[in-house]
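Chain and residue survey
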Amino acid sequence: MTGAAVPYLAVETAAAADARDLGQAPAAPAPENNFVVQATPSWYFIQRENGSQEMKWGPVGYAVLHGEHVGYGELVPNDRMYIHNRARPPEIDRRTWRLKLTGDALTRPRTFTYEELLAMPSVTLKRTIDCGANCAAFFPKLPPGGADDRWLPVGYTQWHFGAVGAAEWTGVRAKDVLAAAGAENPVDVQFIGLDVIRNPSLPGGTARYSQVAPAGKVLEDDTLLVYRMNGQDLPIDHGYPLRLLLSGWAAVSYVKWLGEIEVSKHRIPPSGLQTRHLLTGPAYPEPVPLTVGPVRSAIEHDREITLAPGDITLRGRAWSGAGAIERVDVSVERLAAPGRWVTEMPWRAAMLLSTPQPYMWVRFEVPWPGVKPGQYRVMSRARDKAGNVQPRPEDVVWNQHGLGYNGHYPLELIVAPPSDMP
């Protein structure tokens, strides 16, 4: 990042200046030890650790209790999208910010201003972004067979279902930016952010967040350098002013606060935190890079909300990094005695509420009539058009970093009449 440090720091960001010009009060700057800038009220978010704000399914499913589905719809509002920051977002003034392109695969290494990127042909896509560690809390803490030195850590990003969201993203194709810098026969591309991550386990104790992707993926038409989210400038917590979007890949690779792109004729080894985004463990003789997001689904009910007996409609969302969703099935079990579950509703095909699109989640629903008081667990199982099906929880392949869990994990619900409420 030589020569680039000074322009990125500013007393007032462009977003704050815009707010001031409109007579709006800009958001107060976040303390140095706070990795999230925007407000994250507990009604919409669950804090997993500093910088990790999981979107609650509760506000989406809560509308079902009133007999009407008035949740987020297809897209999640910008201020409700889950957040995963590994450091405090850098203060960036887009008027002086530059995107630097380097590497031996470029014949014309150069920098781009924000305005130069805006002047290039833009592309707008609807995409679901799904954290590679989404659902990590559901992994067993030990691999099958056990191994004393392979415990999964707790207290970090123990995501449940909510490290996922969908938005409309606008930006410029990465391949157009590389072409403008004279890219020839690239092999690997490294994307480097401007956030400074401090971690004693990293060489030197600090690193900038970076991800390496093969050139073949980077040059696809739907790989974007994004500057707008749902028609607005990227929020600070989501990468303002520029972030990477690799359609279908785990969102852990979507580098935020982009500052540099290295384009190489050779393989670039992963470094920094990317070395932890590899699938390792007893089932992996060699580490496997985390790329395409798995097929997943989740029921949109909060386990902490008691449901009333009667006719209930179960609703949820399904998505896959391999393409469009083809089918979703839902099953319900009832607790008959401590430790003994019996089938209440066998697997039943759900109705998809929109035409499935590649790399976008689809909402689904299934009726659950005449529900009696009791404790239940509800499961959804999605299949995508590539033939991938969510496995049983016991069939999910364990890995040391808790990545890519996609078993049809049961959501436990309580049904009780209002007369039993304290």
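Residues numbered from 1 in each chain as written. Predicted model: local features only at pLDDT ≥ 70, side-chain atom pairs only at ≥ 80, totals over all residues. Heavy atoms only, no water.

Quick notes on the overall build of the protein chain
The helix and strand tally for the protein chain stands at 5 helices and 23 strands. Within the protein chain, buried positions represent 51% of all 422 residues. Across the protein chain, contacts joining residues at least 24 apart in sequence account for 73% of those joining residues at least 6 apart. Surface summary for the protein chain: the accessible area is close to 18700 Å², and the carbon and sulfur share equals 52%. (Helix = DSSP H or I, 4+ residues; strand = E, 2+ residues; numbered from the N terminus. Buried < 20%, exposed > 50% of the residue type's maximum accessible area, 1.4 Å probe, protein only. Contact = heavy atoms within 4.5 Å. Areas by Shrake-Rupley, 256 points an atom, 1.4 Å probe, with all protein chains shown as cover.)

Looking at the nonpolar core
One finds L99 and L225 to be the most contacted residues of the largest nonpolar core, which totals 82 residues. In terms of nonpolar packing, the next biggest core, distinct from the first, is built from 23 residues, I312, I325, V330 and W368 among them. (Core = buried A, V, L, I, M, F, W, Y, C linked by side-chain atoms within 4.5 Å.)

Side note on the environment of T113
Turning to its location among the elements, T113 is positioned in strand β5 (residues 110-113). Residues T113 and T96 lie 17 residues apart in sequence; the distance between their C-alpha atoms is 7.6 Å. With near-sequence residues (within four places) excluded, T113 lies in contact with W97 and R98.

Here we look at the sheet that holds strand β16 (residues 296-299)
Read across the sheet, 4 strands follow the order β16-β17-β21-β20 without closing on themselves; strand pairing throughout is antiparallel. Both outer strands of the open sheet, β16 and β20 (351-352), are each paired with one neighbouring strand and no more. Relative to strand β21 (residues 362-371), β20 is paired through 2 bridges, and the arrangement is antiparallel. If you follow L352 over to β21, its bridge partner there is F364. (Pairing = 2+ DSSP bridges.)

Quick look at the side chain of T102
Looking at the element boundaries, T102 is found in strand β4 (residues 98-102). Within the structure, the side chain of T102 is placed 3.1 Å from the side chain of E260, a separation counted as a polar contact. Leaving out residues up to four positions away in the same chain, T102 has contacts with E260, I261, E262 and V263. (Polar contact = N/O pair within 3.5 Å; in protein donor to acceptor, adjacent residues only side chain to side chain.)

Remarks on empty space enclosed by the protein
Inspection of the entire model under this criterion finds 5 cavities of 30 Å³ or more. There is about 190 Å³ of room inside the largest cavity. Forming the boundary of the largest cavity are 17 residues, of which H84, R86, R243, A251 and K256 lie nearest the centre. Its residues assigned to classes, the lining of the largest cavity shows 10 nonpolar, 3 polar and 4 charged. Its boundaries defined by the atoms lining it, the second largest cavity holds a volume of some 140 Å³. Forming the boundary of the second largest cavity are 17 residues, of which T128, D130, G248, W249 and G321 lie nearest the centre. In terms of residue count, the dominant contributor to the lining of the second largest cavity is strand β6 (residues 122-130) (3 residues). Looking at the lining of the second largest cavity, its residues break down into 9 nonpolar, 6 polar and 2 charged. (1 Å grid on protein atoms, 1.4 Å probe; cavity = no way out; pocket = protein on both sides within 12 Å on 5 of 7 lines; lining within 4 Å. Points joined across faces, edges and corners; volume = space filled by probe spheres on them. Nonpolar A, V, L, I, M, F, W, Y, C, P; charged D, E, K, R; others polar.)

Brief notes about the packing of aromatic side chains
According to the stated counting rule, one finds 11 aromatic pairs in the structure shown. Judged by centre distance (6.3 Å) and plane angle (75°), the ring pair of W97 and Y114 falls under edge-to-face. Taken together, the residues span a long stretch of sequence, with W97 in the loop between β3 (83-84) and β4 and Y114 in helix α3 (residues 114-119) at a distance of 17 residues. By relative accessible area, which is 0% here, W97 ends up buried. Ring centres of F138 and F161 lie 5.1 Å apart, and the angle between their planes is 55°; on these two criteria the pair is classed as tilted. Placement of the pair is F138 in the loop between β6 and β7 (164-173) and F161 in the loop between β6 and β7, with a sequence separation of 23 residues. Across this residue pair, the class does not change: F138 and F161 are buried. Chaining the aromatic ring pairs together yields one cluster made of F138, F139, F161, Y405 and Y409. When the ring centre of W361 is taken as reference, the NZ or CZ atom of R317 above it lies at 4.6 Å. (Phe/Tyr/Trp six-rings, centres within 6.5 Å; stacked < 30°, edge-to-face > 60°. Lys NZ or Arg CZ within 6 Å of the ring centre and 35° of its normal.)

As for the confidence of the model for the protein chain
On average, residues of the protein chain score 87 in pLDDT, and 87% of them reach the 70 mark or higher. Here residues 1-30 scores under 50 on pLDDT; set against residues more than four positions off or in separate chains, the count is 37 contacts. (pLDDT = per-residue confidence, 0-100.)

Some points on the sheet that holds strand β18 (residues 325-337)
Read across the open sheet, the 4 strands follow the order β19-β18-β22-β23; overall the sheet is antiparallel. Two strands in the sheet have a free side with no partner beyond their single neighbour: β19 (340-349) and β23 (411-415). Averaged over neighbouring strand pairs, the angle between their axes works out to 25° when direction is ignored. (Axes fitted to C-alpha atoms, helices over the stretch in contact; angles between N-to-C directions.)

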